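Spelled out, the chains give:
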Amino acid sequence: MKPEAVFPNIKKAKLPFLTPAVGLNKEQCPIVRESGYCLPQLIYCVEGEGVLETEGKVFPIDTGSIFFLPAKREHRYYGKGKWVTSWIHLAGDAMEQTLECLGLKDAAVVSGMDTVRYERILRQILTELKVDRLQGMERSSVHVYELLMEFCLLQHEQLQPQSKGMRRLLPLLDYIDDHITEQMTLPELAEVIGVTPQHLCRTFKEALSMRPFEYITRRRIQISKRYLSDRSIKIATVGQMVGIRDVSYYCYNFKRLEGITPNEFRAQNL
């Protein structure tokens, strides 16, 4: 992609989230700021490798990494050979308070960003500012906040292994809901996210504190509640509608997980 940048005049703008500068796919020159920069920044490594040095710490920056720089903190960053970045400066009436609320007080580096999503958000910000002179700042304000939250969510994931495992499982959890009436096998489930059955069991245990089939049973019981409100559907049929063919097994698990029988639940929720 060709490099692009826009520098809107935000002096008279009164919005919670703004950007006075955003650039895409620019070859990054070395930056040294002994007193820091006047605004916080997010900088994304599109291509190549770089190094960030700030407050006595050294952070390697790889392709796909994104780093946050708070305002007025000394820093320098430079590439190892050709280094291409996209970047955004953060401003707005609510920005300082939001950064404090999110715990973004110090420089931080995260990796594993969904590059397609990140670049889409940056592109939306740049496009809104370039093509809509009347409402571009207002429209881009939404995406500035979205970008900031994407960074914070990813940072939280990397600090919490449980969240990281949960993210890996999301496609499988959707698959389970789509096939809840079917009999699924462990190898089949593992194949959905490209891991071994053993690795799948470990990931489920770390992320959800249960094994895959315990999760499936719980989902089946939860979904079955939707059908219990219809008295015309027999209890045995409700179980079959969520993939539990044995009515005794369905009732046993319902009582185990909910503390009451399906009939009692139906009576309480008419």
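Bear in mind that the values here come from a model prediction, so they are computed numbers and not experimental data. (Residues numbered from 1 in each chain as written. Predicted model: local features only at pLDDT ≥ 70, side-chain atom pairs only at ≥ 80, totals over all residues. Heavy atoms only, no water.)

Enquirer: Account for the state of the cysteines, naming residues and giving values.
Expert: Here a disulfide denotes one covalent bond, and it connects the sulfur atoms of two cysteines. With the rule as written, the count across this model stands at 0 disulfides. Its sulfur unpaired, Cys45 is 14 Å from the next cysteine sulfur, which belongs to Cys29. No disulfide involves Cys152; its sulfur sits 9.4 Å from that of Cys101, the nearest cysteine. Look at Cys152 and you get buried, because its relative accessible area is 10%. (Disulfide = S-S within 2.5 Å. Buried < 20%, exposed > 50% of the residue type's maximum accessible area, 1.4 Å probe, protein only.)

Enquirer: Lay out the packing of helix H7 (residues 212-228) against helix H9 (residues 247-258) with the relevant residues and their values.
Expert: Contact geometry of H7 with H9 gives a least axis separation of 10 Å together with a crossing angle of 95°. Relative to H9, the element H7 is oriented roughly perpendicular. Each of Glu214, Thr217, Arg218, Ile221, Gln222, Ser224, Lys225 and Leu228 in H7 lies in contact with H9, whose residues at this interface are Tyr250, Asn253, Phe254, Arg256, Leu257 and Glu258. The residue inventory of the contact of H7 with H9, partitioned by class, reads 5 nonpolar, 4 polar and 5 charged. (Axes fitted to C-alpha atoms, helices over the stretch in contact; angles between N-to-C directions. Helix = DSSP H or I, 4+ residues; strand = E, 2+ residues; numbered from the N terminus. Parallel < 35°, antiparallel > 145°, perpendicular 65-115°, else oblique. Contact = heavy atoms within 4.5 Å. Nonpolar A, V, L, I, M, F, W, Y, C, P; charged D, E, K, R; others polar.)

Enquirer: Account for the layout of surface pockets, with residues named and values stated.
Expert: Picture a little ball the size of a water molecule; that probe, rolled over the atoms, points out where space is still empty. Of the volumes computed, that of the largest pocket is approximately 240 Å³. Surrounding the largest pocket, 13 residues form its lining, Pro40, Ala71, Met95, Glu96 and Leu99 being those nearest its centre. (1 Å grid on protein atoms, 1.4 Å probe; cavity = no way out; pocket = protein on both sides within 12 Å on 5 of 7 lines; lining within 4 Å. Points joined across faces, edges and corners; volume = space filled by probe spheres on them.)

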